[in-house]
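# Examining the three-dimensional arrangement
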Amino acid sequence: MKREVVIIGAGPAGLAAAIEATKNGCQVLLVDENRTAGGQFFKQLHKFFGSQAHSAGIRGFEIGKQLLKETEELGVEVWLESSVIGIFAGKRVAVLRNGITETVEAQSILICTGGAENPLRFPGWTYPGVMGAGAAQTMVNVNRVLPGKRILMIGSGNVGVIVAYQLLQAGADVVGIVEGMPRIGAYGVHAAKLKRAGVPFFIGHTIAEARGSDRVEEAVIARFENGQILKGTERKIDVDTICVAVGLRPLSELAQMAGVKHGFIPELGGFMPIHNTDMETSVEGIYVAGDTAGVEEASTAMDEGRLAAVSVSCALGHLNRADAEQKKEEIRDRLASLRQGPFGERRMNAKNRVIEMGVTM
Amino acid sequence: MSQIYDIAVIGAGSIGTSCAYYNAKKGADVILIDAGDIADSTSSRSDGNILVCDKQPGFDALFAKASQDMFPGLEKELDYNIEWTQKGSLYLTETEEEFEIASRFCSDMKQCGIEMRMLDHKEVLEDEPYLAKDIYGGLETISDGSVYPIGLAYAFALAAERLGAVLSLHNPVVDLKKEENYFSISCENGTILAKNVVNACGVRAPLIGKMAGLDIPIRARQGQILVSEQTFRVARRKVHEFGYMLTKFQSGDYERPVSERVKRNEVAFVFEPTASNNFLIGSSRSFVGEDIRSEIDVMQALAERAIRFFPVIAGIKVIRAYSGLRPFTPDHMPIVSGTAIPGFYIAAGHEGDGIGLSPITGKCMADIIAGEETFMDLSPLSFERFSN
């Protein structure tokens, strides 16, 4: 089976890319291993930031619905519950679908498989009741199940703080937010809501241990300085759930398998595929976008997806060079505007380093 | 003037480490050189089967048996857990015709002193209850066993080091020159001098050969392997299809009743249980240079063939796939011999038998260099046989 473009992952980047590429005339196959497309969108009940062009003020799941609708209207071919098990020589994508492995030969492949939560190891981390914040968010926002009644959040970045607030809204008692750094990580607007709700922030603290008989019943937290737990500062908190939100890393196994050059960029999640300003990797015809191309946000993911799609459309002859360059510049400008401010600038600098590393092996 | 070693062994796979060990055991000053680490290439990508069942009656079988007979004592001698087990092996025959060929093979091998016996339909299903119910029969080889191949190479290398051998790892050889009484081996980290050189570089042996002006006819024959999840005991020991013999040697008129996909990838079913309750599935053959990327078409053919013999495998997950390169020679026999260049020896080209043949290869190479008589006439392994 042959398709011009295979897009792996139907989250923000993949959906935006599928729409853009289809509009430009590409024959697109969008593959996702989940039951529904949309990636993390349908877990995101909060409003997005950015400019008008980035659907600012609209809640994540609403943006997801819009993209899905557009995908349907354009008649994009979407394979759900289909796992890509590998990328093989000759840009062949092996997809496990309905128990059968189908091999799709593509001219271009866009990998937007997103990110994965980092684990945090501490005594008791394998107890039932200790989970990633993303898992808790899926439970509460997608499956409408409360993961616990007394919840401790580890990590005060945007994910930790937003999920904590949503758990609070759903009726759980968030007993605290533990942050190893001496400051709160999240955007002020998100952190402030928790502050006003009376949730304590334990900054300069870490989790020392989770205790319990057959599931977590108690968390021990302690002061944390220079990467060390300070003895004698331990404090016990009754909990039934501990959520871990200590960052994400790019999911890049497929890019690795395809032989894509990687680099280590801590600000973007660590080991990641290197790409150029067109989102193309060191392997010609293989592109990355979204968290796979360095962990950022859904807004940047969507624009990276569009940028990759424009590059692919041009490479496959569906867009002339001049039109493509103009579109790319518009998207790059939007991406630059998303990477402003104290948080964005750090990511912008990191992205510039990615570009400087270059895609020649 | 720097030290002149008695022997420089180039290549730290199972063959090179064994050559280093047995030469050091004879008291020689040995240096073992490798571009990378111990067991970096073929030895870390092969299965651990120590077989006589897949050898041809005659010299091939006797040489392999001599090597196999060394394994029971190796663990103690080398003071290293190489996970040696000796449960025998089982060939499966799919058709009456295959069973007939296997029976003739069995009687020829018995004449060479290899202990084998035919199993009929009922016996073979009793032996491995998860087998497909239509398997025609089997052939059991009593003495076959299995080791942990990476462990074996480490065992030899570390034992050699204890005997005084020097390990020069991560030190690629870039050139080699014959001086009057010794070889000057230019490596990335400096020059090494040695009176004798053993080229044990497996698929890379031709590169080292070229430096010495020798044309070594070894090619990389790629093989792929699937690794299962940890699971129940699907089969208790090494099981493979008798058709494996036919694909390995690319001989005979017999055509297996297999799909196009199995045929084009030269896939023959090989099953090997591991000590940690996973199992490995092989085997495929292709000449694709030094490409060791997995290929989905081969992976599917391997799985298809495995399920044909053990239908229960359809419900078991594959967790990994990898491939390696067998050092293939045109007549499927290794080169274990000297060359026209005095002091330059070759121990390479063992195709899929390098792990199993490593002890005897190292031992013979030590005898040859010392000018002693080998346990049998090794002319079938001479480099000279390719000179025409």
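Look above for the structure.
Overview of the structure.

Conventions and cut-offs
- Residues numbered from 1 in each chain as written.
- Chains lettered and ligands numbered in written order.
- Predicted model: local features only at pLDDT ≥ 70, side-chain atom pairs only at ≥ 80, totals over all residues.
- Heavy atoms only, no water.
- Helix = DSSP H or I, 4+ residues; strand = E, 2+ residues; numbered from the N terminus.
- Rg over C-alpha atoms; globule rule 2.2 N^0.38 Å.
- Buried < 20%, exposed > 50% of the residue type's maximum accessible area, 1.4 Å probe, protein only.
- Contact = heavy atoms within 4.5 Å.
- Areas by Shrake-Rupley, 256 points an atom, 1.4 Å probe, with all protein chains shown as cover.
- Expected span 1.5 Å × (residues − 1).
- Polar contact = N/O pair within 3.5 Å; in protein donor to acceptor, adjacent residues only side chain to side chain.
- Core = buried A, V, L, I, M, F, W, Y, C linked by side-chain atoms within 4.5 Å.
- Domains from an automatic or database assignment.
- Disulfide = S-S within 2.5 Å.
- Pairing = 2+ DSSP bridges.
- Axes fitted to C-alpha atoms, helices over the stretch in contact; angles between N-to-C directions.

### Here's the deal with the overall build of chain A
When helices and strands are tallied, chain A shows 9 helices and 20 strands. Against the 2.2 N^0.38 benchmark of 21 Å for 361 residues, chain A shows a C-alpha radius of gyration of 21 Å, consistent with a compact globule. C-alpha atoms of chain A, sized along the principal axes, occupy 65 × 45 × 40 Å. Sorting the 361 residues of chain A into buried and exposed places 51% on the buried side. In chain A, the share of contacts with a sequence separation of at least 24, taken over all contacts with a separation of at least 6, comes to 61%. Carbon and sulfur atoms make up 50% of the accessible area of chain A, which amounts to about 16,100 Å² in all.

### Details of helix H10 (residues 296–309) of chain B
Residue and element names in this part refer to chain B. For H10, spanning 14 residues, the distance from its first C-alpha to its last is 20 Å, which sits close to the expected 20 Å at 1.5 Å a residue. In terms of burial, H10 is a largely internal element, 10 of the 14 residues being buried. Looking at H10, one finds that the buried residues are Ile296, Asp297, Val298, Met299, Gln300, Ala301, Leu302, Arg305, Ala306 and Phe309. Structurally, the start of H10 carries an N-cap: the backbone nitrogen of Asp297 is 3.0 Å from a side-chain oxygen of Glu295.

### Regarding the nonpolar core
Core analysis: the biggest nonpolar cluster contains 67 residues, and B:Val9 and B:Val198 have the highest contact counts within it. Viewed by domain, this core spans two of them, domain 1 (4–46 + 149–217 + 331–387) and domain 2 (89–142 + 219–328) of chain B, each represented by three or more residues. The residues contacting B:Val9, other than those within four sequence positions of it, are B:Gly16, B:Cys19, B:Ala20, B:Val30, B:Ile31, B:Leu32, B:Ile33, B:Val198 and B:Ala200. Core analysis: the second largest hydrophobic core is formed by 57 residues, A:Val5, A:Ala10, A:Ala289 and A:Ala308 among them.

### Observations concerning the state of the cysteines
Residues and elements named next belong to chain B. A complete count under the given rule lists 0 disulfides over all chains for this structure. The thiol of Cys112 is unpaired, and the distance to the nearest cysteine sulfur, on Cys106, comes to 12 Å. Exposure remark for Cys112: the relative accessible area of 22% places this residue in the partly exposed category.

### Some remarks on the sheet that holds strand S8 (residues 130–132) of chain A
Residues and elements named next belong to chain A. The 5 strands are arranged S8-S16-S9-S10-S11 in an open sheet whose pairing can be described as parallel. Because the sheet does not close on itself, it has two edges, and the strands there are S8 and strand S11 (201–203). Across the sheet, the axes of successive neighbouring strands diverge by a mean angle of 20 degrees, strand direction being ignored. Relative to S11, strand S10 (residues 173–179) is paired through 3 bridges, and the arrangement is parallel. Paired with Glu179 across the bridge in S11 is Ile203. Helix-sheet contacts for helix H3 (residues 133–142) involve S8, strand S9 (150–154) and strand S16 (241–244), and the interaxial angle to S8 is about 85 degrees.

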